[in-house]
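Structural features, examined
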Amino acid sequence: MEAAVLYCGARRTAYCQELLEGSGFQLAEICVAEKDQELPCLGRLLQKNKLVLILGPARSGQPAFCQPIFKALHVPMLEGSPQGVLTLQAEDCTGWLVESREQAVALLPDHPVYLAQLLPQLWLRLRRKFDLQQPKAGKPAPNYTKLVDSAFTGKEQL
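In short, a report on the structure. (Residues numbered from 1 in each chain as written. Predicted model: local features only at pLDDT ≥ 70, side-chain atom pairs only at ≥ 80, totals over all residues. Heavy atoms only, no water.)

**A look at the sheet that holds strand E10 (residues 104-109)**
Where we set the bar: Strand pairing follows a simple DSSP-based rule, namely that at least 2 bridges must link the two strands. Note on conventions: DSSP H or I runs of at least 4 residues are helices, E runs of at least 2 residues are strands, and numbering of each starts at the N terminus. Note on geometry: axes are C-alpha line fits, over the in-contact stretch for helices, and angles between N-to-C directions span 0 to 180 degrees. Only heavy atoms enter the contact rule, under which two residues are in contact if any of them lie within 4.5 Å.
With mixed pairing, the six strands of this open sheet are ordered in space as E2-E1-E3-E10-E9-E8. A single partner strand is all that each edge strand has here, and the edge strands are strand E2 (26-33) and strand E8 (86-89). Across the sheet, the axes of successive neighbouring strands diverge by a mean angle of 20°, strand direction being ignored. Where strand E1 (residues 2-8) meets strand E3 (residues 51-56), four bridges bridge the pair, whose relative direction is parallel. Bridge pairing in E3 places Tyr 7 opposite Leu 55. The strands that helix H4 (residues 112-130) touches are E3, E8, strand E9 (94-99) and E10; relative to E10, the one it contacts most, it runs at about 170°.

**Some points on a nonpolar patch on the surface**
Put simply, the test is: Two distance rules govern patches: like charges are joined within 9 Å, and nonpolar side chains (Val, Leu, Ile, Met, Phe, Trp, Tyr) within 5 Å, applied only to residues with over 30% relative accessible area and no salt bridge. Where accessible areas are quoted, they stem from the Shrake-Rupley method and a 1.4 Å probe; at the residue level, only the protein chains shown are allowed to cover. Criterion for a salt bridge: a side-chain nitrogen of Lys or Arg within 4 Å of a carboxyl oxygen of Asp or Glu. The buried label applies to any residue whose accessible area, calculated with a 1.4 Å probe on protein chains only, is under 20% of its type's maximum; exposed applies above 50%, and partly exposed to all values in between.
Taken together, the side chains of Tyr 15, Tyr 144 and Leu 147 present a nonpolar region at the surface, about 290 Å² in accessible area. Judged by its relative accessible area of 32%, Tyr 144 falls in the partly exposed class.

**Let's talk about the pattern of salt bridges**
The final tally for this structure, using the stated rule, is three salt bridges. Between Asp 110 and Arg 12 there is a salt bridge; the shortest N-O distance is 3.1 Å. Remark: Arg 12 occurs in the loop between E1 and helix H1 (13-22) and Asp 110 occurs in the loop between E10 and H4; sequence separation between them is 98 residues. Using a relative accessible area of 0% as the deciding quantity, one classes Asp 110 as buried. Between Arg 125 and Glu 99 there is a salt bridge; the shortest N-O distance is 3.0 Å. Linking Arg 125 in helix H4 with Glu 99 in strand E9, this pair joins segments that are 26 residues apart in sequence. When its relative accessible area of 28% is taken as the criterion, Arg 125 is described as partly exposed.

**Some details on the environment of Leu 20**
Among the secondary structure elements, Leu 20 is positioned in helix H1. Given the relative accessible area of 0%, Leu 20 is considered buried. Along the primary structure Leu 20 and Ala 116 are separated by 96 residues, whereas in three dimensions their C-alpha atoms are 8.7 Å apart. Sequence-distant contacts of Leu 20, that is, excluding residues within four places in its chain, are made with Val 5, Phe 25, Leu 27, Leu 53, Leu 55, Leu 115 and Leu 119.

**Some remarks on H1**
Selection rule: Our arc is simply the arc of the directions from the helix axis toward the C-beta atoms.
Among the residues of H1, those classed as buried are Cys 16, Leu 19 and Leu 20. Axial view of H1: buried residues confined to an arc of 100°, hence all on one face. The inward-facing, buried residues of H1 abut E1, E2, E3 and H4. Following H1 by one or two positions, Gly 24 adopts a phi angle in the positive range, close to 105°.

That's the geometry; what it means functionally is another story.
Okay, structure coming up:
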């Protein structure tokens, strides 16, 4: 599915982008927003796209940048939790999907492990909402830690 991505103070953008593309998302547009600039970027992305994925830092497994976005999208809050939106829940993390009749906005943590846990639930809901086909399995993301370790443990040749 074609999607726009909005990074709100995200630090792991390359890993997340690789994971999103490997999960079947076709990234139509990418926007990076500093603090207090996320709402204008979100407005521009919603004008052109059916799906906007918003990624940013997590605190206790939950995206920590959501309050202004929930307010702008008129999501009611009760004791700090959004009401009337789909909660994407995994073992150690949470994300949210805010839907209208024709669009969807997913708020997700930028941590690749958390993102990998939440994407299957997100795809399940998006498949139902937009009548999509199952995404083709992409190649698995490289294990960068292993690649770096192997590069540094090799002997230098003189």
